[in-house]
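# Summary of structural features
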Amino acid sequence: MTKSLPLATVAALLTLSGCAQPTAEQQFLIDTAGALGGRGRIDTVKSLTLEGSGVNYNLGQDMKPEAATQTFAVSGYKRTIDVADVRQRLEQTRTPKFAYFQGPQPQTLVQGVDGEVAYNVNASGTAIRLGGLAGDLRKAEFYHHPVTLLRSTADPKTTVANVRTVGAVRQAEIHTAAGPVLTMTLDASGVPLSISSNTYHANLGDIVVTTTFSDYQVVNGLKLPAHLVGKVDDFTTWDIRVATQTVDADTSGLRAPAGAINGSGALPPPPPNTVSVEPVAKGIWLFAGNSHHSVLVEFSDHLMLIDAPQSEARTRAVIARARETVPGKPLTQLVTTHHHFDHTAGLRAAIAEGLTVITHEGNKAWVEQMARRPHTRQPDDLAKNPKAVAVETVDAEREFKDATMALTLYHVAGNPHSDTMLMAYVPRDRVLVQVDAFSPGAQANPYAANLVENIQTRKLAVDRIVPLHGAIAPIADLLKASQ
C-alpha cells in the first residue's frame, strides 16, 4: 500500500527532482484531479449542492425477484455536502408509482452524516442516530462523489493501493483516513466513472454499493457529474438527474441534530424475539411476533412452517418454539410465501436447519441463488453450517395431505404486491393463511380486492383469515376492506 501525498506536494517534488516519475498511485490521482478541474481548485471547494429529481427502485420488494418495475418518483432532491468538514444532508420526497401497501401519499426522507454521526430524521422531525452497518454505510456514502473522494487524498493518512487497468478503465482502492475504503474507476482521460464500497446486507450477504457518474458539466471551474445512479451489486436502486449544482453555498445547517449527537435519538435495541403461540385449529398455530408472524402446521409425521421473516434470530426463535410446541415431530418444510426481504430474512437460517423450501416456481432460482450468496463479512448460520438447499415448487396450486391434515397452497394470481405470492388454505377449518394481501388493522389495504377475487375464483369456503401481519380476522373484515 502506497501513501498518497497531497498532489501539490507531489508536483513540487517532481519539479525539484527534474526527472522523477510519479508512482502509479500518484499518477492515478494526478489524472483524476486534472480531469475534474485541477488540484488547486478541488482543494479550495467548501461545499457542493446538488438539486434535481429522479427515481428510486424497490430493492427486495418488487413484483418478481429480478424485477425493477416498481418505482418511486423522486422530487425535491437536494444533497448538500460540506466537503471540508465531512458533513452531508440529503432531502428528497418519494411518491410511489404503484399500489404501495402504505398508501399513495408522498414520503419525505431526510438522511445525514456529520463526521462520525450518521442519522435519519423521521416524519415527526426527530433525529435518529444510526449505528452498526447502517451507520458505516452512511459514512461511506459521503465519499461517493468524485470531489469528496479526491479531496480525502489530501490527508497524508489516506492511502491509495492496487492501481490496475481493467479493459479500457483504470481502478484504485482509496483507504480514507476516516475509515471507509472505496474503489474509484476512471475512463482513459481520468474522468471518474464510478465509486464503489463493500458492505453487508442481512438478506444478500456481501454486497458492493456503487455510484456511477455521467453527463459531466463545468460549474465554477469544476467538472461535476449531473447524472448519478446508485446500485447494489447489479441492481439499480436510484437514478438522479441533477438540474442545478452550486459550489460553496452556505452549509451552516449541516450539523447533526442534538438528539443524534448526544444519543437521545439513538435507535432502540431490537425487541426480544418473543414468540407467542395462538392455537388456530387442531394442528395449526399462529406464531405471532412484533410485526411479522409465522404459522405452524402439523401433519401426521412432520411439521410445516409458513414464513421465516424479519431476521435470522427471529427464525431461530420460531423454529425453537415449533419444536417445543410439537415435541418429537421433525420440522422439515418451510413455505416461503413470497420473495420480499422482510419475509425471507430467516430463509438461510431455515436452510441451515435442513428445512426443504416450498415456494412458487417463479422463486426457485432466486431461493437457490440466496442460498449460494457469500456471507463472509458477517457469517450467518448457513455460512457456518453449509447445507445444500432443497426447493419444491408450486405453480397454480399444490395439495399437501395425509391422515391428519390437508392443506393446499394456491398462487395468488394477479396480486399487485408480488407476482409469485402463495396463500395456504385448510378446508377442514375454513381457514386461509395469507400475508400482505390483507393486514387487519392497517390503514391501507390496496391488495385486499385481489385476495377476495382469488378466494372467489378458487371457490374457497373461508370463515377466518390468518394474516402474517395483524390479528386473526373474520372473512367479513376482508370483504369490508376490499370495497
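The structure we're discussing is the one just above.
Structural notes, computed from the coordinates. (Residues numbered from 1 in each chain as written. Predicted model: local features only at pLDDT ≥ 70, side-chain atom pairs only at ≥ 80, totals over all residues. Heavy atoms only, no water.)

Time to look at the overall build of the protein chain. Counting secondary structure elements, the protein chain contains 13 helices and 27 strands. The principal-axis extent of the C-alpha atoms belonging to the protein chain is close to 90 × 45 × 40 Å. Evaluated residue by residue, the protein chain yields a buried proportion of 51% over its 483 residues. Sequence separation of 24 or more characterises 59% of the internal contacts of the protein chain that already satisfy a separation of 6 or more. If you sum the accessible surface of the protein chain, you get close to 20500 Å²; carbon and sulfur atoms cover 53% of it. Looking at charge distribution, the protein chain has the averaged site of its 43 positive side-chain charges lying 3 Å from that of its 46 negative ones. (Helix = DSSP H or I, 4+ residues; strand = E, 2+ residues; numbered from the N terminus. Buried < 20%, exposed > 50% of the residue type's maximum accessible area, 1.4 Å probe, protein only. Contact = heavy atoms within 4.5 Å. Areas by Shrake-Rupley, 256 points an atom, 1.4 Å probe, with all protein chains shown as cover. Lys, Arg positive; Asp, Glu negative; His and termini not counted. Charge placed at Lys NZ, Arg CZ, Asp CG, Glu CD.)

Further remarks concern helix H4 (residues 132–141). All of the buried residues in H4 are Gly135, Arg138, Lys139 and Ala140. Elements that come into contact with the buried residues of H4 comprise strand S5 (107–114), strand S6 (117–121), strand S7 (127–130), strand S10 (181–186) and strand S11 (192–201).

What follows concerns the packing of aromatic side chains. Under the criterion given, the structure shown has five aromatic pairs. For the cation-ring pair, Arg94 lies above Phe72, with the distance from its terminal atom to the ring centre recorded as 3.8 Å. (Phe/Tyr/Trp six-rings, centres within 6.5 Å; stacked < 30°, edge-to-face > 60°. Lys NZ or Arg CZ within 6 Å of the ring centre and 35° of its normal.)

Strand order in the open sheet made by the six strands is S22-S23-S24-S25-S26-S27, with mixed pairing throughout. A single partner strand is all that each edge strand has here, and the edge strands are strand S22 (397–401) and strand S27 (473–474). Of the pairings in the sheet, the one linking strand S26 (residues 464–467) to S27 comprises two bridges and is antiparallel in character. Counterpart to Ile465 in the pairing with S27 is Ala473. (Pairing = 2+ DSSP bridges.)

Let us now look at helix H2 (residues 24–36). Its 13 residues give H2 an end-to-end C-alpha distance of 19 Å, which sits within 8% of 18 Å, the value for a rise of 1.5 Å per residue. Following H2 by one or two positions, Gly37 adopts a phi angle in the positive range, close to 125°. (Expected span 1.5 Å × (residues − 1).)

Next up on the list: the nonpolar core. Counting 42 residues, the largest nonpolar core has Val295, Leu407, Leu409, Leu432 and Leu478 as its most contacted members. Considering every element that reaches this core, the biggest residue donor is strand S24 (residues 422–426), with five residues. In this structure Val295 touches Ile284, Trp285, Leu286, Met304, Leu305, Ile306, Val433, Val466 and Leu468, once residues within four positions along its chain are discounted. Within the second largest apolar cluster, 40 residues are counted, among which are Val45, Val74, Phe142 and Leu224. (Core = buried A, V, L, I, M, F, W, Y, C linked by side-chain atoms within 4.5 Å.)

Here we take up the pairing of strand S12 (residues 205–219). Each regular strand carries side chains that alternate between the two faces of the sheet. In this sheet, S12 lies alongside S11 in antiparallel orientation, the contact comprising eight bridges. What sits directly across from Ser194, in S12, is Thr212. Linking S11 to S12, which pair antiparallel, is a turn of three residues. Examined bridge by bridge, S12 and strand S13 (residues 222–232) share 10 bridges and lie antiparallel to one another. For Gln217, the partnering residue across the bridge sits in S13 and is Leu224. The turn joining S12 and S13, which pair antiparallel and follow one another in sequence, is formed by two residues; a positive phi near 50° is taken by Asn220.

Scanning the model with the defined rule gives 22 salt bridges in all. With its nearest N and O atoms 3.3 Å apart, the salt bridge here joins Arg138 to Glu141. Of this pair, Arg138 and Glu141 are both found in helix H4, three residues apart, which corresponds to roughly one turn of the helix. Relative accessible area serves as the criterion here: at 9%, Arg138 is assigned to the buried category. Residue class for Glu141 comes out partly exposed when judged on its relative accessible area of 27%. (Salt bridge = Lys/Arg side-chain N within 4 Å of Asp/Glu carboxyl O.)

In this section: unusual backbone geometry. Residues other than glycine seldom take positive phi values, yet Val86 does so here, at roughly 55°. You can see Val86 is positioned in the loop between strand S3 (71–82) and strand S4 (87–96). Of note in this structure, Gln310 is not a glycine but carries a positive phi near 75°. In this fold, Gln310 is placed in the loop between strand S18 (303–306) and helix H7 (312–325). On the basis of relative accessible area, Gln310 is assigned to the partly exposed category, the value being 32%.

Here we come to the side chain of Asn58. Relative to the helices and strands, Asn58 resides in the loop between strand S2 (47–57) and S3. In terms of polar contacts, Asn58 uses its side chain to reach the side chain of Gln70, at 3.0 Å. Filtering out sequence-adjacent residues up to four positions away, Asn58 remains in contact with Gln70, Phe72 and Phe98. (Polar contact = N/O pair within 3.5 Å; in protein donor to acceptor, adjacent residues only side chain to side chain.)

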